Amino acid sequence: MAKVSFEQIKGFVFDLDGVITDTSLYHTKAWHQLADKLDVTWSKELEDGLKGISRMDSLEMILKAGHKENDYTHDEKVALATEKNTNYVNEISKMTPENILPGIKAFLDDLRANGYQIALASASKNGPTVLKNLELTDYFPKIVDPASLSKGKPDPEIYTKGAELLGLAPETCIGVEDAAAGIEAINAANEVSVGIGDATLLKDADVRFDNTAEMTLANIKKAMA
Ligand code: G6P
Ligand code: MG
C-alpha cells in the first residue's frame, strides 16, 4: 500500500544509472579495476553499496573496505577518482540509443503523453553526456545538478530538489531507483519509491519491479491500489 493514491501523482523523478541505462555496469567495472590496483578485495556487498553514491564517496567506501582510508592525501584521492572517471568516460563515449534499458523509451513517451512532468536526480556528473548519447536529452528538461548538493544519497536532498525543479509537492512525485541508498533518499524526501531490481536489496521500496520492462503506468497504478 503506497503513501498516496496513483491519481495524486503528477511527476516522475528518475535516477539514471541502472534505471534508464545500464551504466551501473560501467561504473562497477571501472571501480573494480581501481580496487584491484589498490589491492582492495572486491565483493558483491561493496558493489551494491556503491550504487547511487557520488564519485568521491565511492572512493572513500572502497578505501575503507580495504582499511586504507588514511593511506592517501586528498590530492592523491582526487587523482584516483579522476583515473576511474577517465575509464568510465571512455566506456560511455561508445553508448548509443541501443543502450536504453527495455521499456524505458516507451515509458517516457507514455509519461509525456499523459502529461506527467519528468526530472533527473542522478548523482552522476556525467548524466547529461549519457542522456545525450542515448538521445534522451529532450525528455529531461529538468536535471538536478549533483554539484549543487551538500549531501549525496541516501540523504533526501537530490529528490527534494527534483520535486522543487518540477514545482511539485514531493508526495505527488514518484522516484525511480535501482539502489538501496536511492530508495532511502526517495522515502526520506516523502515521495513514492519505485525500485527496479532485487527484492532483498530494495526491500524498502513502496513499489518494486524485477526489471525496467515491467515498469508501466498500468503496473504502477495496480501496485499502488
Ligand atoms: C551514480 C552511480 C554511481 C556513481 C555516481 C557518480 O549515482 O550510481 O555509481 O558513482 O553516479 O557518478 P560520476 O559519473 O559523477 O562519477
Ligand atoms: Mg542507479
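Residues numbered from 1 in each chain as written. Chains lettered and ligands numbered in written order. Predicted model: local features only at pLDDT ≥ 70, side-chain atom pairs only at ≥ 80, totals over all residues. Heavy atoms only, no water.

**Thoughts on the site of ligand 1**
- Taken together, Asp17, His27, Leu50, Gly52, Ile53, Arg55, Ser58, Lys84, Ala123, Ser124, Lys125 and Asn126 form the complete shell of residues around ligand 1.
- Residue Gly52 places a main-chain N or O atom 2.9 Å away from an oxygen atom belonging to ligand 1.
- Burial of ligand 1 by the protein chains amounts to 97% of its free accessible area of 390 Å².
- In terms of residue class, the shell around ligand 1 is made up of three nonpolar, five polar and four charged.
- Each of domain 1 (4–20 + 96–222) and domain 2 (22–91) contributes no fewer than three residues to the shell around ligand 1. (Near = heavy atom within 4 Å. Polar contact = N/O pair within 3.5 Å; in protein donor to acceptor, adjacent residues only side chain to side chain. Areas by Shrake-Rupley, 256 points an atom, 1.4 Å probe, with all protein chains shown as cover. Nonpolar A, V, L, I, M, F, W, Y, C, P; charged D, E, K, R; others polar. Domains from an automatic or database assignment.)

**Things to note about unusual backbone geometry**
- In the segment running from Lys153 into Pro154, the intervening peptide bond is cis, with an omega of 15 degrees.
- Relative to the assigned elements, Pro154 resides in the loop between strand 3 (142–143) and helix 7 (157–166).
- Its identity as a non-glycine residue notwithstanding, Asp39 has a phi of 65 degrees, on the positive side.
- With respect to the helices and strands, the residue Asp39 is situated in the loop between helix 1 (23–37) and helix 2 (44–50).
- The phi dihedral of His67 is positive, around 55 degrees, even though this residue is not glycine.
- Mapped onto the elements of the fold, His67 is located in the loop between helix 3 (55–65) and helix 4 (74–92). (Helix = DSSP H or I, 4+ residues; strand = E, 2+ residues; numbered from the N terminus.)

**Considering the pattern of salt bridges**
- Per the counting criterion, the structure on display carries 13 salt bridges.
- Taking the shortest distance from any N to any O, the salt bridge between Asp48 and Lys51 comes out at 3.7 Å.
- Given a relative accessible area of 18%, Asp48 falls into the buried group.
- If you follow the salt bridges from partner to partner, you end up with Asp15, Lys153 and Glu177 in one network. (Salt bridge = Lys/Arg side-chain N within 4 Å of Asp/Glu carboxyl O. Buried < 20%, exposed > 50% of the residue type's maximum accessible area, 1.4 Å probe, protein only.)

No statement about biological role is implied by the geometric values presented.
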